[in-house]
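# Working through the structure, step by step
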Amino acid sequence: MTVASAMHLHDRASRLRRPTAMQLVCAMLAFVILLQVELVFSKSVNWDEFFHFSQIHQHLLGRPSPWLQAPFVALFSWVPALPGDNIDHIQLIRLLTLPFELVTVAAIAAMASRFGDHETALLCGLIYATGGYVFLHAFALRADTIAAALLMVALWLGLCRPLRAMEIAAIVLLVSLAFVSTIKAVLYAPAFLGVALFRLEKPAHRWALAGAASLAVFAGLLLLWLAPALPETGLAAILYDIGQLGRLSIDRMFSAGVFPQGGWLVRQLAFAPLLSIAILAALLYACWRGRGWRDRILFLSLLAPLATVAIYRNAFPYHYAFILPPAAVAIAPVIGWLRQRYGVVAVAFLPLVGAILLSVTQDRDILPRQRVIQTGIHMIFPVPVTYIDNSGMAGDFPRAVNQFASGWALENYFRSGQPVYSQALAAEPVPMLLANNVVLQDLFHDTFFDGRLLHDDDKVLRENYIPHWGRVFVAGKTIAPGERQIAVEIAVPGRYTVEGGGIDIDGRHYAAGSVVALARGTHMVSGRRTAQVTLRWGDHLARPPFAWPKQSYLSEY
C-alpha cells in the first residue's frame, strides 16, 4: 500500500467517524429531553398540577368535573389505578406529556424547513425546547403542551401540505380539539390566518377566507352575547358552557393592563437570550424593506401570538410552552444565517448551556417535602375523606369545593356571592381542611391578609376546624372551662373523640378518651369542666410521628 492510498483511507475513515451537523443537533435534542426526563422525577409539583390531578380523581369519583379545558382527564384517567401514590401518578402523567412536546418540536422543524435546510429546522426545534420556561414546563400536567401540539400539527398541515379536503378536515378537527383543551387556543388565530393568506394565491380565495373569518368572529360574538340565555341542559348546554367560559375568560384574560406578568417576561428573556434575540431579529426580517407581502404577513402572523403576553393576564411561566412554537418557526431565517456564519455547534451552545443551568438550579428538596405531606395526610386518614383546600393537594381525596381558593376562582366566588363552603358543609361531612394558601391560613392565623371569604363561609370554617398536624385542620370544637351551659353548633357530623377532660353533651357524660357520635346541628354542653375540652372529629385520629415540613413545600413555578 502506498503512502498516498494509506492517507486516503485514513481521511475516509475520519470522515465516517465525524458526526454530521444533523446528528449533532439530534444528539443535543436527545440530551435536552433526557434533562427534562430527570426533571419529571425531581422537580416539585406545582399547585396547578395538584389541581389538575385532583380533577382526574373528581371525575373517577363521579363528582362534577369540567369537560372543557381538561384534556388530561380524558387522556390519563387510567393512571390512578396503577400502583403508587399521588406524586408517582403525577410524575407518570408528566412523562406521558413529554411526547406532546416532541410532536411540537417536530412540527416546528417541519415548518421551519420551508425557510432553511434541515439543520436549521432542527436548530429551531432545539432552541424552542431549551427556551427558558419552555424547558421547565413543557412536561407539566397542564393542557398547554397538549394544545400546542394539536395546534402546531394543524399549522404544519396548513403550511406544508396540499390543501385538500382530507387535510382541511384534519385541521378543523385538530383546532377543535385544541379549543376544547384550552380556550386560549384562540390566541393562535393570527398564525392560522397568516398561513391561510400565504397559501391562498387567488384573490377570490382570499376574499372567501376574509368572509369566513368575519363570519366566525360574528358567530363567536353572538355566542358570547346569547350564552346566558341558552339552556343549561341538552345539546344546547355545550354552547352554554363554551359561551360562559368565553365570557369569563375575556374578563379574566385581558383585564389587568399592559404587561400584567412583566416580571416573568423579563426572566423568560434572560433565561432564553438566543431565542429572545432571534425573535426580535425575525420581526426586523419580516418588516425589512423589499420583503414580499406574502412573506411579511406569514412571519408577522407567526410572531403575533407571542405579542399577547403584553396583555394576557395569565402569561405565567407555563404559558411560554404554549405560545412560543409559532415564533420558533418564524426565527428560521435568522437561525439559518447564524448557522452559516458560526456553525451548528456555536449556535446550539448557548441554548444548551442555558438548559443545563436551569436544570441544576432547580430546588430538588421541595419534592421530598411534598411526599412527607402526602404520607402524613394518608396516615391521618387511611380512608379518603372529603376535604377543603386551595388546589387539590390531597389529589385522591374528594374535594368539597372543586375550585381554587385564590386568583380567578376567588374573584368569581366573590362576584357570585354564593357561600359555597357553607353549602358544601351542609351537603356532606367535610372532616379535613388543608390550609395550604394564605386565604385559608387567614382563618386560623394572623397572616395580615385582608381577602377573607364571605362572612358565612369565614364563620363556619373558623368555628368548626381545629389544628391537627401542621397545615392540616380537622373538624372539631374547643370548649373553655366553666359550668355555664352552652350551645355548640356541629357543622360536620360524625364520631368525635373527647380530649382534655370529661364533658356532658346533651345530658350525657363523656370521659376524656370517649368517642361520641354527633349529628349535624345544635348540641347542649353542660356540667362542670375543669379544663379546656376538645372535641376532635374521628375515633382517636392518628398524628404522623414526623413534623410538617418547616421549609417551603410549593415552588413558585
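## Some points on a nonpolar patch on the surface
On the surface, a nonpolar cluster with roughly 350 Å² of combined accessible area is contributed by Phe-31, Ile-356, Leu-357 and Val-360. Per-element tally for the nonpolar patch: the top contributor is helix H19 (residues 344-360), with three residues. Relative to the helices and strands, Leu-357 resides in helix H19.

## Thoughts on the environment of Leu-163
Assignment of secondary structure puts Leu-163 in the loop between helix H8 (144-160) and helix H9 (165-181). C-alpha separation for the pair Leu-163 and Leu-200, spaced 37 residues apart in sequence, amounts to 9.4 Å. Apart from the residues within four sequence positions on either side, Leu-163 is in contact with Leu-157, Gly-158, Ile-168, Arg-199 and Leu-200.

## A look at the packing of aromatic side chains
Applying the stated rule across the entire model yields 20 aromatic pairs. On the numbers, 5.4 Å between centres and 85° between planes, the contact of Tyr-285 with Phe-299 is edge-to-face. Of the two residues, Tyr-285 sits in helix H14 (residues 273-287) while Phe-299 sits in helix H15 (residues 293-303), which places them 14 residues apart along the sequence. On the basis of relative accessibility, which here comes to 28%, the residue Tyr-285 falls in the partly exposed class. With relative accessibility at 2%, the residue Phe-299 sits in the buried group. Both rings, one in Phe-444 and one in Phe-473, keep their centres 4.0 Å apart while their planes meet at 15°; by these two values the pair is stacked. A residue pair is termed long-range when its members are at least 10 positions apart, and Phe-444 in the loop between helix H23 (438-441) and helix H24 (455-464) and Phe-473 in strand E4 (residues 472-479) qualify at 29 residues. The exposure class of Phe-444 is partly exposed, given its relative accessible area of 21%. In textbook terms, an aromatic cluster arises when at least three aromatic residues are bridged by ring pairs, as seen for Trp-47, Tyr-133, Trp-264, Phe-271, Phe-316, Tyr-318, Tyr-320 and Tyr-557. The ring of Tyr-285 carries the charged tip of Arg-291 above its face, separated from the ring centre by 3.7 Å. Sitting over the face of the ring of Phe-198, Arg-294 holds its NZ or CZ atom 4.7 Å from the ring centroid.

## Side note on helix H18 (residues 332-342)
Ala-332, Pro-333, Val-334, Ile-335, Gly-336, Leu-338 and Arg-339 are the residues of H18 that are buried. Tucked inside the fold, the buried residues of H18 contact helix H5 (86-112), helix H6 (118-129), H14, H15, helix H17 (325-330) and H19.

## Some points on the pattern of salt bridges
Once the charged atoms of two side chains with opposite charge are near each other, the side chains can pair. Inspection of the entire model under this criterion finds 18 salt bridges. As a salt-bridge pair, Glu-167 and Arg-164 come within 2.8 Å of each other at their nearest N and O atoms. With a relative accessible area of 46%, Arg-164 lands in the partly exposed category. Sharing partners across several salt bridges, the network here consists of Asp-48, Arg-142, Asp-144 and Lys-184.

## Looking at the side chain of His-523
Looking at the element boundaries, His-523 is found in strand E10 (residues 521-526). By relative accessible area, His-523 is classed as buried at 10%. Within the structure, His-523 has its side chain in polar contact with the side chain of Asp-506 (distance 2.7 Å). Sequence-distant contacts of His-523, defined by excluding residues within four places in its chain, comprise Ile-486, Ala-487, Val-488, Ile-490, Ile-505, Asp-506 and Leu-518.

## Here's the deal with the environment of Val-134
Within the secondary structure layout, Val-134 lies in helix H7 (residues 133-137). A residue is classified by how much of its surface remains accessible, and Val-134, at 0% relative accessible area, is buried. In this structure the C-alpha to C-alpha distance between Val-134 and Pro-317, which are 183 residues apart in sequence, comes to 7.9 Å. Residues contacting Val-134, with those up to four places away along its chain left out, are Gln-36, Tyr-128, Ala-129, Tyr-320, Ala-321 and Leu-324.

## Points about the sheet that holds E10
Spatially, E5-E10-E7-E8 is the arrangement adopted by the four strands of the open sheet, whose pairing is antiparallel. The open sheet terminates on both sides in strands that have one partner only, identified here as strand E5 (486-490) and strand E8 (508-510). The sheet shows a mean angle of 40° between the axes of neighbouring strands, direction not considered. The sheet contact formed by strand E7 (residues 503-505) and E8 spans three bridges and is antiparallel. Along E8, the bridge assignment pairs Asp-504 with His-509.

## Points about the pairing of E5
Only one face of E5 is buried, namely the one carrying Ile-486, Val-488 and Ile-490, since none of Ala-487 and Glu-489 on the opposite face is buried. Inspection of the sheet shows E5 paired to E10 by five bridges, in the antiparallel sense. From the neighbouring strand, Val-488 faces E10, where its bridge partner is His-523.

## Remarks on the pairing of E10
Pairing between E7 and E10: two bridges, direction antiparallel. The residue bridging Ile-505 from the neighbouring strand is Val-525, located in E10.

Reading the values: the criteria
Each chain has its residues counted from 1, following the order in which its sequence is written. Owing to the predicted nature of the model, reporting of local features is limited to residues with pLDDT of at least 70; listing and counting of side-chain atom pairs is limited to 80 or more, with chain, interface and lining totals taken over all residues. Hydrogen atoms and water are omitted, and side-chain values are computed over all heavy atoms in the structure. Patch definition: residues above 30% relative accessible area lacking any salt bridge, with like charges linked at up to 9 Å and the nonpolar side chains Val, Leu, Ile, Met, Phe, Trp and Tyr linked at up to 5 Å. To measure how exposed things are, a 1.4 Å probe is used in the Shrake-Rupley method; for residues, cover is taken only from the protein chains shown. Salt bridges, as used here, are contacts in which a Lys or Arg side-chain nitrogen is within 4 Å of a carboxyl oxygen on Asp or Glu. Counting from the N terminus, the helices are the DSSP runs of H or I reaching at least four residues and the strands are the DSSP runs of E reaching at least two. A contact between two residues is defined here by any heavy atoms of the two lying within 4.5 Å. Whether two aromatic rings pair depends on their centres lying within 6.5 Å, for rings of Phe, Tyr and Trp, where Trp uses its six-membered ring; planes under 30 degrees apart make the pair stacked, over 60 edge-to-face, and the rest tilted. Per-residue accessibility, obtained with a 1.4 Å probe over protein chains only, is compared with the maximum for each type, and a residue is labelled buried under 20%, exposed over 50%, and partly exposed between these values. The rule for a charge over a ring is simple: NZ of Lys or CZ of Arg within 6 Å of the ring centre, and within 35 degrees of the ring normal. For this analysis, a polar contact is any N or O atom pair within 3.5 Å, provided that within protein one partner can donate a hydrogen and the other can accept it, and provided that sequence-adjacent residues contribute only side-chain to side-chain pairs. Here the rule is simple: two strands pair whenever DSSP picks up at least two bridges between them. Here an angle of 0 to 180 degrees is reported between the N-to-C directions of two axes, which are lines fitted to C-alpha atoms, with helices fitted over the stretch in contact.

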